[in-house]
Amino acid sequence: MIRPCAVLSLMSVVWISMPDSTCGFTPQSLQGDESNSVASLLGKKLLPIKLEGPQRQRLEENLEEARRQFEQQPDNVDNLIWLGRRLAYLWRYHDAIEVYTQGIRTFPDEPRLYRHRGHRWITVREFDKAIEDFNRAVTLIKNTEDSVEPDGQPNAQGIPTSTLFTNIYYHLGLAHYLKGNFEASHGHFQKCFELADNDDMRVAALDWIYMSLRRAGKHDEAKQAIQHVHADMNIIENFAYHRRLLMYQGKIPVAQLMDSQREDADRDLDLATYGYAVGNWHLINGREQTAREVFETVIQGPYWAAFGYIAAEAELARWDRIP
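Residues numbered from 1 in each chain as written. Predicted model: local features only at pLDDT ≥ 70, side-chain atom pairs only at ≥ 80, totals over all residues. Heavy atoms only, no water.

S.K.: Can you break down helix α15 (residues 307–321) residue by residue, with the values?
M.R.: Over its 15 residues, α15 extends 21 Å from the first C-alpha to the last, a length consistent with the 21 Å expected when each residue adds 1.5 Å. Across the 15 residues that make up α15, a large majority, 12, are buried. Taken residue by residue, α15 has Phe307, Gly308, Tyr309, Ile310, Ala311, Ala312, Glu313, Ala314, Glu315, Leu316, Ala317 and Trp319 as its buried positions. (Helix = DSSP H or I, 4+ residues; strand = E, 2+ residues; numbered from the N terminus. Expected span 1.5 Å × (residues − 1). Buried < 20%, exposed > 50% of the residue type's maximum accessible area, 1.4 Å probe, protein only.)

Structure representation (structure tokens):
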């Protein structure tokens, strides 16, 4: 059972009107406030995207439902996880981290809490903390069975494509990649690929495997890693990763990849996802100035929580640190 102190702390994350608890926890501000801003790797303040209309209403209603579920069963880890996830969907990443942190104090051996908090450490550019959380999750899942992770925002077919284990290794690989530790990232993405049981998760892992190997100078090994990728794979949602891989193979022109962005609400996400791949493609082929220009274009977009955006930011930050 969660201690009363922990319950009050978690509730104060969601209810700004709730008075400070005797545990010394100060309630976070509502989404959209500067308290949920994130410092970029380039020193820029990144503010939550302003969500409006039906989308905002739906996300707020989902958060309210998650809050009610947690109130009714505060000792249910699933309810705690969903509370954090619903906060994150509203760009309240610091609030989500606080929820998971409070949960870990009560459930220190629950790998899902480290997996989700690690993901949000990546979002707020705290890569070392993310690696620490994912390493802890890896330890905790030893000698346990994997489980499918439900989607908070289901794909068109309503079929979840990832599991607890694949998500842990995927995000652990990503955290290392963002730090420029390409040998380490390759190993974790390879483990993710080996655990994947569908093409969506396979192409997601293979994309980063390819990039990790290329950045580590293992060009032949990178080419071999994606040799079995083909246009007719059974992809439900990871179309961008699939198209990126086909671009690496030379089956899709680089310019066409950028032109494939959707003309809808996902266009900003596509800019980050495809843009980073194109910039990285120029970089590994010796066109550093062109790569820099593409990365600069990516970070002009608004979707700063996207992995492609964070990766572009990390590349530019590394260049800026070079004397």
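S.K.: Lay out the packing of aromatic side chains with the relevant residues and their values.
M.R.: Evaluation of the coordinates by the stated rule reveals 15 aromatic pairs. Ring geometry for Trp91 and Tyr303: centres 5.4 Å apart, planes at 75°, overall edge-to-face. Of this pair, Trp91 sits in the loop between α3 (77–89) and α4 (93–106) while Tyr303 sits in the loop between α14 (288–298) and α15, and the two are 212 residues apart along the sequence. Accessibility expressed as a relative area gives 5% for Trp91, which makes it buried. With 6.3 Å between their ring centres and 45° between their planes, Tyr170 and Phe307 make a pair best called tilted. Of this pair, Tyr170 sits in helix α7 (residues 164–178) while Phe307 sits in helix α15, and the two are 137 residues apart along the sequence. An identical accessibility class is assigned to Tyr170 and Phe307; each is buried. Taken together, Tyr170, Tyr177, Phe182, Phe189, Trp208, Tyr276, Phe295, Phe307 and Trp319 form an aromatic cluster joined through their ring pairs. Sitting over the ring of Trp82, Arg85 keeps its end group 4.2 Å from the ring centre. (Phe/Tyr/Trp six-rings, centres within 6.5 Å; stacked < 30°, edge-to-face > 60°. Lys NZ or Arg CZ within 6 Å of the ring centre and 35° of its normal.)

S.K.: Pulling in residues and values, what's your account of the environment of Ile209?
M.R.: Position of Ile209 among the secondary structure elements: in helix α9 (residues 199–215). The exposure class of Ile209 is buried, given its relative accessible area of 0%. A sequence separation of 22 residues divides Ile209 from Gly187, and the C-alpha atoms of the two residues are 8.2 Å apart. Ignoring any residue separated from it by four or fewer positions in sequence, one finds Ile209 in contact with His186, Phe189, Gln190, Phe193 and Ala225. (Contact = heavy atoms within 4.5 Å.)

S.K.: I'd like to hear about the nonpolar core, residue by residue, with values.
M.R.: Judged by nonpolar contacts, the single largest core of 95 residues is most densely connected at Ile122, Tyr170, Trp208 and Tyr248. Among all residues touching Tyr248, those that are not within four sequence positions of it are Asp207, Tyr210, Met211, Ile226, Ala277 and Trp281. (Core = buried A, V, L, I, M, F, W, Y, C linked by side-chain atoms within 4.5 Å.)

S.K.: With reference to specific residues and values, describe the packing of helix α5 (residues 111–123) against helix α6 (residues 127–140).
M.R.: At their nearest, the axes of α5 and α6 sit 8 Å apart, and the two run at 160° to each other. Taken together, the axes of α5 and α6 lie roughly antiparallel to each other. Judged by the sense of rotation from one axis to the other, the crossing of α5 with α6 is left-handed. Listed contacts from α6 to Pro111, Tyr114, Arg115, Arg117, Gly118, His119, Trp121 and Ile122 of α5 are Phe127, Lys129, Ala130, Asp133, Phe134, Arg136, Ala137 and Leu140. Split by residue class, the contact of α5 with α6 holds nine nonpolar, two polar and five charged. (Axes fitted to C-alpha atoms, helices over the stretch in contact; angles between N-to-C directions. Parallel < 35°, antiparallel > 145°, perpendicular 65-115°, else oblique. Left-handed = near helix turned anticlockwise from the far one by under 90°. Nonpolar A, V, L, I, M, F, W, Y, C, P; charged D, E, K, R; others polar.)

S.K.: Describe the pattern of salt bridges, listing the residues and the values that go with them.
M.R.: Inspection of every chain in the model, using the stated rule, returns 18 salt bridges. One salt bridge connects Glu71 with Arg67, and the closest N-O pair in it is separated by 2.7 Å. Taken together, the residues span about one helical turn, with Glu71 and Arg67 both in helix α2 (residues 53–72) at a distance of four residues. Judged by its relative accessible area of 7%, Arg67 is buried. (Salt bridge = Lys/Arg side-chain N within 4 Å of Asp/Glu carboxyl O.)

S.K.: Now, about helix α11 (residues 239–248): what can you tell me, with residues and values included?
M.R.: In terms of burial, α11 is a largely internal element, eight of the 10 residues being buried. Buried residues of α11: Ala240, Tyr241, His242, Arg244, Leu245, Leu246, Met247 and Tyr248, and no others. Residues of α11 that are buried make contact with α7, α9, α12 (254–259), α13 (267–284) and α15. Looking one or two places after α11, you find Gly250, whose phi comes out positive at around 85°.

The values reported here are purely geometric and, on their own, carry no functional implication.
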